[in-house]
Amino acid sequence: MAEDFEVKLEKKAYIPAPHYLANSALGNYKEAYNKFTSDPDGFWDEKARELKWMRPWEKVREWNHPYARWFTSAKLNITENCLDRHVNNGRRNKLAIIWRGEDGREEVLTYRQLYRSVMRFANALKSLGVQKGDRICFYMPFVPEHVVAILACARIGAIHSIVYAGFGAEALHSRIRDANAKIVITADVGKRRGKTIPLKSIVDDAVRNAPSVEKVIVLCREKCPLELYSELEVDFYGIQEGMSDECPAEEMDAEDPLFILYTSGTTGSAKGIVHACGGYMVGTHYTCKYIFDIKENDVYWCSADPGWITGHSYIVYGPLSVGATVVITETTPDYPDYGVWWSIIEEFGVSIFYTAPTAIRMFMRVGEEWPNKYDLSSLRIIGSVGEPLNPEAFEWYYRVIGKNRCPILDTWWQTETGMHMITTPLGMPMKPGFAGVPIPGVFADVVDKDGNPVPAGQGGLLVIKGPWPSMMRTVYNNDERYRKYWTQIKDYYTVGDLAVKDDDGYIMILGRSDDIIIVAGHNLGTAEVESALVEHEAVAEAAVIGVPDDIKGQAVKAFVTLVQGYEPSQKLVSELTYHVRMSIGPIAMPNAIEFMDKLPKTRSGKIMRRLLKAKEMGIDPGDISTLEE
Ligand code: WTA
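Residues numbered from 1 in each chain as written. Predicted model: local features only at pLDDT ≥ 70, side-chain atom pairs only at ≥ 80, totals over all residues. Heavy atoms only, no water.

**Here's the deal with the state of the cysteines**
Note: disulfide means a covalent bond formed between the sulfur atoms of two cysteine side chains. Tallied over the entire structure, the rule returns zero disulfides. We note that Cys247 lacks a disulfide partner, and the nearest cysteine sulfur, in Cys153, lies 11 Å from it. (Disulfide = S-S within 2.5 Å.)

**Details of the environment of His275**
By secondary structure assignment, the location of His275 is in strand 16 (residues 271–276). Along the chain, His275 and Leu627 lie 352 residues apart, while their C-alpha atoms are 25 Å from each other. (Helix = DSSP H or I, 4+ residues; strand = E, 2+ residues; numbered from the N terminus.)

**Structural notes on the packing of helix 16 (residues 526–535) against helix 17 (residues 570–583)**
In the contact formed by helix 16 and helix 17, the axes pass within 9 Å of each other and the chain directions differ by 120 degrees. Taken together, the axis directions place helix 16 and helix 17 in an arrangement best described as oblique. The handedness of the crossing between helix 16 and helix 17 comes out as right-handed. On the side of helix 16, the interface is formed by Val529, Ala532, Leu533 and Glu535, while helix 17 contributes Leu576, His579, Val580 and Ser583. Here the contact of helix 16 with helix 17 is built from residues that sort into five nonpolar, two polar and one charged. (Axes fitted to C-alpha atoms, helices over the stretch in contact; angles between N-to-C directions. Parallel < 35°, antiparallel > 145°, perpendicular 65-115°, else oblique. Left-handed = near helix turned anticlockwise from the far one by under 90°. Contact = heavy atoms within 4.5 Å. Nonpolar A, V, L, I, M, F, W, Y, C, P; charged D, E, K, R; others polar.)

**Here's the deal with the sheet that holds strand 21 (residues 408–410)**
Here seven strands make up an open sheet; going across it, the order is 6-5-18-17-19-20-21 and the pairing mixed. The sheet terminates laterally at strand 6 (106–110) and strand 21, the two strands that pair on one side only. For this sheet, the mean inter-axis angle between neighbouring strands, taken without regard to orientation, is 15 degrees. Helix 11 (residues 340–348) contacts strand 5 (95–100), strand 6, strand 17 (299–302), strand 18 (325–329) and strand 19 (352–355) of the sheet and is inclined by roughly 145 degrees relative to strand 5. (Pairing = 2+ DSSP bridges.)

**Digging into the packing of helix 7 (residues 169–179) against helix 8 (residues 199–206)**
Interhelical geometry of helix 7 versus helix 8 gives an angle of 55 degrees and a closest axis separation of 8 Å. Of the possible angle classes, the one that applies to helix 7 and helix 8 is oblique. By crossing handedness, the relation of helix 7 to helix 8 is classed as right-handed. Contacts from Ala169, Leu172, His173 and Ile176 in helix 7 reach Ile202, Val203, Asp205 and Ala206 in helix 8. Across the contact of helix 7 with helix 8, the residue classes break down as six nonpolar, one polar and one charged.

**With respect to the environment of Gly546**
For Gly546, the position within the fold is in strand 31 (residues 539–549). On the basis of relative accessible area, Gly546 is assigned to the buried category, the value being 4%. Here the alpha-carbon distance between Gly546 and Ala558, two residues 12 residues apart in the chain, equals 8.8 Å. Leaving out residues up to four positions away in the same chain, Gly546 has contacts with Ile517, Gln554, Ala555 and Lys613. (Buried < 20%, exposed > 50% of the residue type's maximum accessible area, 1.4 Å probe, protein only.)

**Observations regarding the UniProt feature "domain: AMP-binding enzyme C-terminal" (unreviewed entry) in the protein chain**
Taking the UniProt record as the reference, the feature "domain: AMP-binding enzyme C-terminal" (unreviewed entry) is found at residues 528–606. Segment residues 528–606 splits into 28% helix and 32% strand. End C-alpha atoms: 16 Å apart. (UniProt positions renumbered as here; feature names shortened; annotations may be inferred.)

**What to know about the domain arrangement of the protein chain**
The parts lose accessible area when they come together, and the size of an interface is often stated as this lost area. The domain architecture assigned to the protein chain consists of domain 1 (5–77 + 258–511), domain 2 (109–250) and domain 3 (516–617). Each of domain 2 and domain 3 has a C-alpha centre, and these two points are 42 Å apart. (Domains from an automatic or database assignment.)

**Re the nonpolar core**
Core analysis: the biggest nonpolar cluster contains 136 residues, and Trp53, Phe71 and Tyr317 have the highest contact counts within it. In terms of domain composition, this core takes at least three residues from each of domain 1 (5–77 + 258–511) and domain 2 (109–250). The contacts of Phe71, once residues within four sequence positions are left out, are Trp44, Ala48, Trp53, Trp57, Lys59, Val60, Arg61, Ala254, Gly278, Gly279, Val282 and Pro469. Core analysis: the next-biggest nonpolar cluster, separate from the first, contains 33 residues, Val327, Trp342, Ile345 and Ala359 among them. (Core = buried A, V, L, I, M, F, W, Y, C linked by side-chain atoms within 4.5 Å.)

**Details of the site of the ligand**
Not every one of the 16 residues close to the ligand is listed here, only the nearest: Asp410, Thr411, Gln414, Thr415 and Asp497. Taking Gly386, its main chain carries an N or O atom lying 3.0 Å from a nitrogen atom of the ligand. Between the ligand and Glu387, the relevant distance is 3.2 Å, taken from a nitrogen atom to a main-chain nitrogen or oxygen of the residue. Protein burial of the ligand: of its 530 Å² of free accessible surface, 90% is covered by the chains. Those elements that provide at least two residues to the shell around the ligand are helix 10 (309–321) and strand 28 (507–512). When the residues that make up the shell around the ligand are grouped by side-chain class, the tally is six nonpolar, five polar and five charged. (Near = heavy atom within 4 Å. Polar contact = N/O pair within 3.5 Å; in protein donor to acceptor, adjacent residues only side chain to side chain. Areas by Shrake-Rupley, 256 points an atom, 1.4 Å probe, with all protein chains shown as cover.)

**Remarks on the sheet that holds strand 33 (residues 592–595)**
Pairing within the open sheet is mixed, and its three strands lie in the order 31-32-33. One side of each edge strand has no neighbouring strand; the edge strands of this open sheet are strand 31 and strand 33. Sheet twist, expressed as the mean angle between neighbouring strand axes with direction ignored, is 25 degrees. Pairing geometry for strand 32 (residues 553–562) and strand 33, over four bridges, is parallel. Bridge assignment links Phe559 to a residue of strand 33, and that residue is Glu594. Seen against the sheet, helix 12 (residues 357–366) touches strand 31 and strand 32 and runs at an angle of roughly 120 degrees to strand 31. Where helix 17 meets the sheet, its contacts fall on strand 31, strand 32 and strand 33, and the angle it forms with strand 33 comes to roughly 125 degrees.

**Considering the packing of aromatic side chains**
One pass over the full model with this rule turns up 41 aromatic pairs. Centre to centre, the rings of Tyr14 and Tyr398 are 4.8 Å apart; their planes meet at 55 degrees, and the pair counts as tilted. With Tyr14 in the loop between strand 1 (5–6) and helix 1 (18–22) and Tyr398 in helix 14 (residues 391–401), this pair connects stretches of sequence that are 384 residues apart. Of the residues examined, Tyr14 reaches a relative accessible area of 18% and is grouped as buried. Of the residues examined, Tyr398 reaches a relative accessible area of 6% and is grouped as buried. Between Trp468 and Tyr493 the ring centres are 5.3 Å apart and the planes differ by 80 degrees, which places this aromatic pair in the edge-to-face class. (Phe/Tyr/Trp six-rings, centres within 6.5 Å; stacked < 30°, edge-to-face > 60°.)

**A short note on the pairing of strand 12 (residues 215–219)**
Burial of strand 12 is extensive: four of the five residues sit out of reach of the surface. With five bridges joining them, strand 9 (residues 183–187) and strand 12 adopt parallel strand pairing. Its bridge partner being in strand 12, Thr186 is matched across the sheet by Val218. Alignment of strand 12 against strand 13 (residues 233–235), held across three bridges, turns out to be parallel. From the neighbouring strand, Val216 faces strand 13, where its bridge partner is Glu233.

Okay, structure coming up:
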C-alpha cells in the first residue's frame, strides 16, 4: 500500500483581494469550520432550513455505520427548490438557462419558461405510465431539453440514470439493463466538432435485449416530425401536446433515491452510485451558495456535461437551487476554433467559470493568443475539477484566464461524494498544487493504512471521517461494493486517492492510490512525476506508469505530448529526465520517455494510464468502453 512517503512541498501562495472574503457567503473559514465541528448536526440543520421542505425532519441524521439517513422522515421535492421557489419569489423572469449550440444557435429560458416546460414534460411522462421509483435512462445531447427532462423526472419521483452520450451502445446497454430502465430518452442526433452523431441508432442497438424498456422518447432535432420506426418510439414534443403546465410535485422522502449515476470503477463493471433526495439537495445547494459563492447577479458556467456528476450537481441541481443564471453549451473547446469558449464568456458575461485541468492544459498548449482575443473581465471566480490541477496549469489559469485577479477554486470531490469536499474557500491563500482544506461540513484527513494520521509532508491515503448529507447511499444492485468504501480503513470512507498535507493543513491530491508506483521501495504518485514533466516548457501533457524492473521492482515510464513548436529528440529526452531528477529526485527519473500525439483519455478527460500500461506490457487492456473516440 502506498503510505508513508515524503513529498517535496512548495511554499508559494497567492493572496486573493480582500473583497472576496468580505463579500463571501461563507465568511472566515476557520470560524465556519469550528462552528461545524462544535455541532455538526446543528450546522447541517441550519443549512437545510434555507430550503423549502414539505415536511420537516425529526432528526438531522442517523448514522449506523456504514449507513446514513439524513433529515429523517422529512418530505421534499428538489424541483420545488429549483423552480417553484424562484418562480414564486421574484425570479420568474430571470434567465435560468442560456444555451449555445455548436452551430452558434442560442436559446434562453427564464425560470418561468423552464418551470412550464418541466411541468409539461413531467405530465407527458406520467401519461406514459411512469411512476415514482421507475428508472429512466438518458442518452441525450446537451440541449435545453436535457435539463428539462432531468427536472421532470425529479418532479414525479422517477429515478434518472444519465449516460453520457459519448458512450457506445454496449456501455449504454449494460446501464439500461443494470437499472432495469422503463424509459430511454434520447435525440435523433448529437453534434460534435461539426459532425452529426446518430444517437438514436446507438439507442436502437442498446435497447435490443433490454426487455424492461417500454418506450424510447426521441427528441427530433433534424427532420421533424419524427418518423417512428417501432411501437417503442414516441416523439419528445408529440407526447407533450395538450399537457397541462402545472404538475404537482411528488412528495419524496428525504431518503428516496433521486438518481443513479454510473461511474467506471478502476476495475470491473461500472458502479451505479445512488444519491438520495434530501441530503443531495442540501449538499449541492450549500456548496453552490457558500463555496462557489453564487450571487444574484452571477452568470455561472460549468463546462461539464450532465452525463457526469459535475453536470448533475453543478450544472443542474445546485445552481438552479440557488436561482442562478446557468450557461450550458454543446460546444467542445476546440471547435470551430480554440476561441469558442472564451467567446461564450465574453458574450454572456460569465462571472463564475468551472472547468477541468485537461481543458486548461489543452489551452496552454495552443497558446494564450486565443483567450487574449476576448474580453474576460466579467470573470469573478474560476474553478477546476476532475484531476489534480498541477502548479503549471494553476499558474497559467490564474494569469491568463483569471488575469491575476480571480481566485481559483480547485474542488476535490467524487461521484460518490455528490458535492465539493476539499477546496480553498474564497479569501484564503491559494497554493498551487494544493486543492485546499476540507470545507465546513466535511471531516477529511490523510492517514496510513491503519488509519493513523500521517505527519505533514508525508504521503498517505485520503479518507473522510464520518458521513455527510450528499454521500452516496448505496451502489445500485451491489450493496457489498458500497460497504467496501467504508470498511477498508477503520470505519472511514476510503476515497482511493493519495494525498499529502502541509503544515497549514492544506491537502494536495497526488492521484489515485492505484496509480502509485513503487520504485526501489519508494512510493511515487504518478501525478507528482507528471506535474514535474509538465513544468518543462516543451511538455503539454504527461502520463506516467510503472513498468517492471529487475532491480528496482518498478521503474517510471513517461508518455508526453509536446507544445506546438517542439519536436521529439534524444536531447529532449535527456533534458526532461534531468528536469524530473532536479525537481523530485533521482528516484522519480523516468527510465523511458515516449512522445505521443495524444494521450488516451476517458470521455470525461481522465488520462487512461491503465491503457498505456496494458500496451506497454502487451496485455489485454480490459474494459475500454470509457475511452474517448
Ligand atoms: C479525481 C469528479 C485532484 C480524484 C467530480 C477523485 C481530483 C476522482 C479533483 C473522482 C481535484 C476530482 N484534484 N483530483 N480537484 N477532482 N479528482 O467521480 O482522483 O468523476 O477520486 O468525480 O477524480 O472522479 P469523479
